[in-house]
Amino acid sequence: MTVPGGSVQLKTAKAFDPPLINPNYLNHDFDNAAVVTAMRDAFKFVASPEFNSLVGSPFENLVTPNSTDGELLTYARNVSSTVNHGCCTCAMSPWGATSGVLDPDLRIKKVEGVRVVDASVFPRIPGFFIAGAVYMVAEKAADMILEDAGAE
Ligand SMILES: Cc1cc2nc3c(=O)[nH]c(=O)nc-3n(C[C@H](O)[C@H](O)[C@H](O)COP(=O)(O)OP(=O)(O)OC[C@H]3O[C@@H](n4cnc5c(N)ncnc54)[C@H](O)[C@@H]3O)c2cc1C
């Protein structure tokens, strides 16, 4: 299954103008089905008798268990956001690839003397908290930089 990623594009030719960032959330059939299923499960969960005394009021009336999948998805699209794990905006790709920003040694393609070492280099969003992967990239980068410098 191919999962489409988001995109980051230059808005203008001025380096300090903010870029156009499109995370492309909820734009894949699997993601859409997963979020709708999760919402229906949540409705069932809070409607169970065990939670009668704990649930003060229903979800916002904007959606109900009787809402269509399309209505649930529209609601999810309007209220969803994500935080904390931005990555992949400066992705590595294989040697010679015309896609991606960096070669596998973390150097910017067609640019001399600049490496990128952070969460932006991941080619794909990992399915886990990403700080550990940032540490791995940093360790590998340190080794490559030392090797280039001829260090033992
Ligand atoms: C609130 C929060 C909670 C998180 N919780 C977790 C978690 O529980 N587990 C997990 O795995 N991940 C977690 N993350 C994600 C993780 O912290 C980040 O993915 C990771 O730190 C990214 O590393 P980075 O090196 O790409 O960027 P950063 O850690 O953001 O490092 C960028 C560095 O560059 C510096 N900098 C920026 N601009 C300049 C400049 N112009 N000149 C010089 N320096 C500059 C900044 O000061 C900063 O030190 C969390 C993130 C947040 C915000």
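Residues numbered from 1 in each chain as written. Predicted model: local features only at pLDDT ≥ 70, side-chain atom pairs only at ≥ 80, totals over all residues. Heavy atoms only, no water.

Draft legend 1. Representation of the environment of Pro126 in the model. Among the secondary structure elements, Pro126 is positioned in the loop between helix H2 (69–79) and helix H3 (131–148). For the pair Pro126 and His85, spaced 41 residues apart in sequence, the C-alpha to C-alpha distance is 9.7 Å. (Helix = DSSP H or I, 4+ residues; strand = E, 2+ residues; numbered from the N terminus.)

Draft legend 2. Main features of the domain arrangement of the protein. According to the domain assignment, the protein contains domain 1 (1–83) and domain 2 (85–152). On a C-alpha basis, the centroid separation for the pair domain 1 and domain 2 is 31 Å. (Domains from an automatic or database assignment.)

Draft legend 3. A look at the pattern of salt bridges. Scanning the model with the defined rule gives five salt bridges in all. With its nearest N and O atoms 2.6 Å apart, the salt bridge here joins Asp148 to Arg107. Taken together, the residues span a long stretch of sequence, with Asp148 in helix H3 and Arg107 in the loop between H2 and H3 at a distance of 41 residues. Arg107 gets classed as partly exposed once you look at its relative accessible area, which sits at 28%. Asp148 serves as the salt-bridge partner of Arg115, at 2.9 Å between the closest nitrogen and oxygen. Taken together, the residues Arg115 in the loop between H2 and H3 and Asp148 in helix H3 connect sequence positions 33 residues apart. (Salt bridge = Lys/Arg side-chain N within 4 Å of Asp/Glu carboxyl O. Buried < 20%, exposed > 50% of the residue type's maximum accessible area, 1.4 Å probe, protein only.)

Draft legend 4. Seen up close, the packing of aromatic side chains. In this structure the tally under the stated criterion is one aromatic pair. Taking the centre distance of 4.6 Å and the plane angle of 40° together, the rings of Phe45 and Phe51 count as tilted. Owing to a relative accessible area of 26%, Phe51 belongs among the partly exposed residues under this scheme. (Phe/Tyr/Trp six-rings, centres within 6.5 Å; stacked < 30°, edge-to-face > 60°.)

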